[in-house]
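Analysis of the macromolecular model
Below are the chains, spelled out letter by letter.
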Amino acid sequence: LESHRESIARAGTLGVAVLAGSDAGSQGVRHGEALVDEILLLLDSGLSIEAALKSATSLPRRHWANAPADLASGNRADFIALAGSPFADPQNLRRLDAVVRGESLSR
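A brief look at the structure comes next. All figures in this text were calculated on a predicted structure; none of them were measured in a lab. (Residues numbered from 1 in each chain as written. Predicted model: local features only at pLDDT ≥ 70, side-chain atom pairs only at ≥ 80, totals over all residues. Heavy atoms only, no water.)

Details of the nonpolar core
By size, the foremost hydrophobic cluster in this structure holds 14 residues, and its most contacted members are Leu 42 and Leu 93. For this core, the element with the most residues is helix α2 (residues 33-44), which contributes 5 residues. (Core = buried A, V, L, I, M, F, W, Y, C linked by side-chain atoms within 4.5 Å. Buried < 20%, exposed > 50% of the residue type's maximum accessible area, 1.4 Å probe, protein only. Helix = DSSP H or I, 4+ residues; strand = E, 2+ residues; numbered from the N terminus.)

This is how it looks when you write it as structure tokens:
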């Protein structure tokens, strides 16, 4: 396990795209919670909060050639709101305040 953590830290240092995986769908693995667990494990392995969040958001979209999910006028709005910033405290990823799904953003 320690070797795996070192590999993740090294990959981050070298600029390798690290993608978060949650094993969701496996018995006993709760979708959503497992992804937060994975992000926190990436932080424990030495990735920055920015890199860990990208590993679960923009990087997988780019890797699998999905359209960006930018918050912009006219785009579909799929996002979560947290009770606090994960940059201030990564545990805020566990403090879900709202889920917005399928709304159209307008000015």
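Overview of the pattern of salt bridges
Tallied over the entire structure, the rule returns 6 salt bridges. Here Glu 2 makes a salt bridge to Arg 5, at a shortest N to O gap of 3.8 Å. Of the two residues, Glu 2 and Arg 5 both sit in helix α1 (residues 2-14), 3 residues apart, roughly one turn of that helix. Owing to a relative accessible area of 48%, Glu 2 belongs among the partly exposed residues under this scheme. Residue classification places Arg 5 among the partly exposed residues on the basis of a relative accessible area of 28%. Notably, a salt bridge pairs Asp 37 with Arg 94, separated by 2.5 Å at the nearest N-O pair. With Asp 37 in helix α2 and Arg 94 in the loop between β1 (76-82) and β2 (96-104), this pair connects stretches of sequence that are 57 residues apart. On the basis of relative accessibility, which here comes to 43%, the residue Arg 94 falls in the partly exposed class. (Salt bridge = Lys/Arg side-chain N within 4 Å of Asp/Glu carboxyl O.)

Here's the deal with the environment of Ala 77
Tracing the backbone through its elements, the reader meets Ala 77 in strand β1. For Ala 77, a relative accessible area of 1% gives the class buried. Sequence separation between Ala 77 and Leu 19 is 58 residues; the distance between their C-alpha atoms is 22 Å.

What about the packing of α2 against helix α3 (residues 49-56)?
For the pair α2 and α3, interaxial distance at closest approach is 9 Å and the crossing angle is 145°. The handedness of the crossing between α2 and α3 is right-handed. Taken together, the residues of α3 that come into contact with α2 (itself represented by Leu 35, Ile 39, Leu 42 and Leu 43) are Ile 49, Ala 52, Leu 53, Ser 55 and Ala 56. A per-class count over the contact of α2 with α3 returns 8 nonpolar, 1 polar and no charged. (Axes fitted to C-alpha atoms, helices over the stretch in contact; angles between N-to-C directions. Left-handed = near helix turned anticlockwise from the far one by under 90°. Contact = heavy atoms within 4.5 Å. Nonpolar A, V, L, I, M, F, W, Y, C, P; charged D, E, K, R; others polar.)

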